[in-house]
Amino acid sequence: MKTGVDIKPATGKLGILTPGMGAVSTTFIAGCIAVNKGIGKPIGSLTQMGSIRLGKRTENRSPLVKDFVPLADMNDLVFGGWDIFEDNVYEAALNAGVLQKDLLDQMKDELSAIKPMKAVFDPAYVKKLNGTWVKKGKNKMDLAEQLREDIRNFKASNKLDRLVIVWCGSTEVFMQASDVHSTVESFEKAMRENDPAIAPSMIYAYAAMKEGVPFANGAPNLTVDLPAIQQLAKENKLPISGKDFKTGQTFMKTLLAPGFKARLLGLSGWFSTNILGNRDGEVLDDPDAFKTKEVSKLGVLEYILQPKVYPDLYKELYHKVRINYYPPRGDNKEGWDNIDIFGWLNYPMQIKVDFLCRDSILAAPLVLDLALFSDLAMRAGMYGIQEWLSFYYKSPMVAKELYPEHDIFIQLMKLKNTLRHLKGEDLITHLGLEYYD
Ligand SMILES: NC(=O)c1ccc[n+]([C@@H]2O[C@H](COP(=O)([O-])OP(=O)(O)OC[C@H]3O[C@@H](n4cnc5c(N)ncnc54)[C@H](O)[C@@H]3O)[C@@H](O)[C@H]2O)c1
């Protein structure tokens, strides 16, 4: 008899709040509405389109993920969020220029009805932006109280059963954790004293933790990486995860690098450059914001390739990442990679990748999956850092003494094995010992 974890059912409505209602958030919201209206398919979403093998291959059991674990139904989702611009989701989606006007017009009423709440924002943390739809408060604790009130009001007025928050706001300037962030007490004191070490994204995370709402972090900001926030997540039994959606170039990197390592091919250089012209690109044009992104992007290869274990293959690797703001391309990013590899007897070879991708088209299904899985985790009693969601992130959060897993195939196995575990199914090890005696 298989026994899984006791998971509360996904009854009623689930609210998904996104701080930041720009390109990613509006593409996500419009996409979900399009799917519910039957005018689009949720391509790229593991929760909607993925299947999961159960038991032995001879058993032929491969249900859809959404039929296997009790996820919120896409028809039960309610969307909201905050932004520093007052535009409703229809206007913001048009502005973002990701989805075509024809498509958006088919959902104009629903999208226009979703209006952002006033943001907690300070241009000192996102230097290239300045908006007017911003809360005022006597200190950062007061701003957190206002966000908490927004969350409570949104839940009550939409008659929601549960909520999750997925950060889809801009990348903030590079910051490092300090003593201020080490305990809930020091964090709260710093909020009351308007300490510059408390960035806006942290105020949202704090409000979420106090209101009992799981939080997923789509940007490379520190936000839920802080001990104070993690302490609150544990105390209030809330799932948190991050950080930075793994979409274009880093997605490619985590596909290719494990392959080179699997075949023990060496790497001497990996040069990555991008052009993108959306608002995210504009924000990342500021060196302080780019630094936050750069740290998130650079860690990937080091962890996958393990140069200390394979010094002959990876010790000399030169890895460089560049992002260039180039307005004509809008959200349609182009990412080039030049990869210098070497094989048998050190003979060099080159690989060129030119990925003409659409950033928000790649990110939108990740927002959906993270929201639904964070809600599942909450109902299954899982709390703290959700390492099994590393699959979705460039810079996965892990417990203090561990290193992050970046190999996308190991990440996927971990995710699916977590679902199997929740339902009391055997974990799949891919062990085959038929002719062993
Ligand atoms: N698109 C991708 O593939 C991808 C991948 C990884 C990470 N990300 C990250 O996701 C985030 C969103 O990307 P995007 O393309 O939608 O950017 P965007 O600039 O279109 O949207 C971000 C929105 O956040 C708003 N904002 C900024 N600070 C805010 C605050 N404090 N409170 C509320 N709103 C705030 C901005 O006004 C803007 O509308 C960025 O941080 C980006 O780096 C995106």
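Cut-offs applied
- Residues numbered from 1 in each chain as written.
- Predicted model: local features only at pLDDT ≥ 70, side-chain atom pairs only at ≥ 80, totals over all residues.
- Helix = DSSP H or I, 4+ residues; strand = E, 2+ residues; numbered from the N terminus.
- Rg over C-alpha atoms; globule rule 2.2 N^0.38 Å.
- Buried ≥ 20, exposed ≤ 12 C-beta atoms within 10 Å, placed from the backbone.
- Contact = placed C-beta atoms within 7 Å.
- Domains from an automatic or database assignment.
- Nonpolar A, V, L, I, M, F, W, Y, C, P; charged D, E, K, R; others polar.
- Arc of directions from axis to C-beta.
- Near = placed C-beta within 6 Å.
- Pairing = 2+ DSSP bridges.
- Axes fitted to C-alpha atoms, helices over the stretch in contact; angles between N-to-C directions.
- Parallel < 35°, antiparallel > 145°, perpendicular 65-115°, else oblique.
- Left-handed = near helix turned anticlockwise from the far one by under 90°.
- Core = buried A, V, L, I, M, F, W, Y, C linked by C-beta atoms within 7 Å.

A. Spotlight on the overall build of the chain. Scanning the chain from N- to C-terminus turns up 16 helices and 11 strands. Relative to the 2.2 N^0.38 estimate, which gives 22 Å for 437 residues, the radius of gyration of the chain is 22 Å and therefore close to what a compact globule would have. Principal-axis analysis of the C-alpha atoms places the extent of the chain at approximately 65 × 55 × 50 Å. Here the chain holds 437 residues, and the buried ones make up 46% of them. For the chain, restricting intrachain contacts to residue pairs at least 6 apart in sequence, the fraction spanning at least 24 positions comes to 77%.

B. The arrangement of the domain arrangement of the chain in detail. According to the domain assignment, the chain consists of domain 1 (14-245 + 361-422) and domain 2 (249-356). If you average the C-alpha positions of domain 1 and of domain 2, the two centres end up 26 Å apart. Across the boundary between the two partners, domain 1 contributes 26 residues, which contact 26 residues of domain 2. Considered class by class, the residues forming the side of domain 1 that touches domain 2 number 12 nonpolar, seven polar and seven charged.

C. Examining helix α8 (residues 184-192) more closely. Among the residues making up α8, those that are buried are Phe187, Ala190 and Met191. Burial along α8 is one-sided: seen end-on, the buried residues are contained in an arc of 100 degrees. Buried-residue contacts for α8 involve α7 (140-157) and α10 (227-235). Positive backbone phi, approximately 55 degrees, marks Asn194, located one or two places after α8.

D. Quick peek at the site of the ligand. Around the ligand lies a shell of 37 residues, among which Gly20, Gly22, Ala219, Thr247 and Arg279 are the nearest. If you list the elements that add at least two residues to the shell around the ligand, you get α1 (23-37), β2 (77-83), α12 (279-284) and α15 (359-379). When residues in the shell around the ligand are grouped by element, the largest group, four residues, is from α15. Tallied by class, residues from the shell around the ligand come to 20 nonpolar, 12 polar and five charged. Counting contributing residues, the shell around the ligand receives three or more from each of domain 1 (14-245 + 361-422) and domain 2 (249-356).

E. Structural view of the pairing of strand β1 (residues 14-19). The element β1 is extensively covered by neighbouring structure, given that six of its six residues are classed as buried. The alternating pattern of β1 places Leu14, Ile16 and Thr18 on one face and Gly15, Leu17 and Pro19 on the opposite face, and all of these are buried. Of the strand pairs in this sheet, β1 and β2 are connected by six bridges, and their pairing is parallel. Looking at β2, one finds that Leu14 is bridged to Leu77. Note: β1 against strand β4 (residues 162-167), four bridges, orientation parallel. By the bridge assignment for β4, Leu17 is matched with Ile165.

F. Region of the structure containing the sheet that holds β2. Strand order in the open sheet formed by seven strands is β3-β2-β1-β4-β5-β6-β11, with parallel pairing between adjacent strands. Whereas interior strands pair on both sides, the edge strands pair on one side only; in this sheet they are β3 (117-118) and β11 (384-385). Contacts from α15 reach β1, β4, β5 (215-217) and β6 (239-241) within the one sheet, and its direction differs from that of β4 by about 135 degrees.

G. Structural view of the packing of α1 against α15. Running from N to C, α1 and α15 point in directions that differ by 65 degrees, and their axes come no closer than 8 Å. Judged on the interaxial angle alone, α15 and α1 are roughly perpendicular. The two elements α1 and α15 cross, and the hand of that crossing is right-handed. Contacts from Ala23, Val24, Thr27, Phe28, Gly31 and Cys32 in α1 reach Ser360, Ile361, Ala363, Ala364, Val367 and Leu368 in α15. Taken together, the residues of the contact of α1 with α15 sort by class into nine nonpolar, three polar and no charged.

H. Quick look at the nonpolar core. Of all hydrophobic cores here, the largest spans 109 residues; its most connected members are Val166, Ile203 and Val367. Take this core: its biggest share by element is 12 residues, from α15. When we break this core down by domain, the ones giving at least three residues each are domain 1 (14-245 + 361-422) and domain 2 (249-356). Those residues in contact with Val367 that sit more than four places away from it in its chain are Val24, Phe28, Val166, Cys168 and Gly218.

I. Representation of the packing of α8 against α10. Interaxial distance between α8 and α10 falls to 8 Å at its minimum, and their mutual angle equals 120 degrees. Between α8 and α10, the angle falls in the class oblique. In the crossing of α8 with α10, the sense of the turn from one axis to the other is left-handed. Mapping the contact onto sequence places Val184, Ser186 and Phe187 in α8 and Ala228, Gln231 and Leu232 in α10. The class makeup of the residues in the contact of α8 with α10 is four nonpolar, two polar and no charged.

J. The arrangement of the environment of Pro123 in detail. Checked against the element boundaries, Pro123 lands in the loop between β3 and α7. Its 12 C-beta neighbours within 10 Å are what place Pro123 among the exposed residues.

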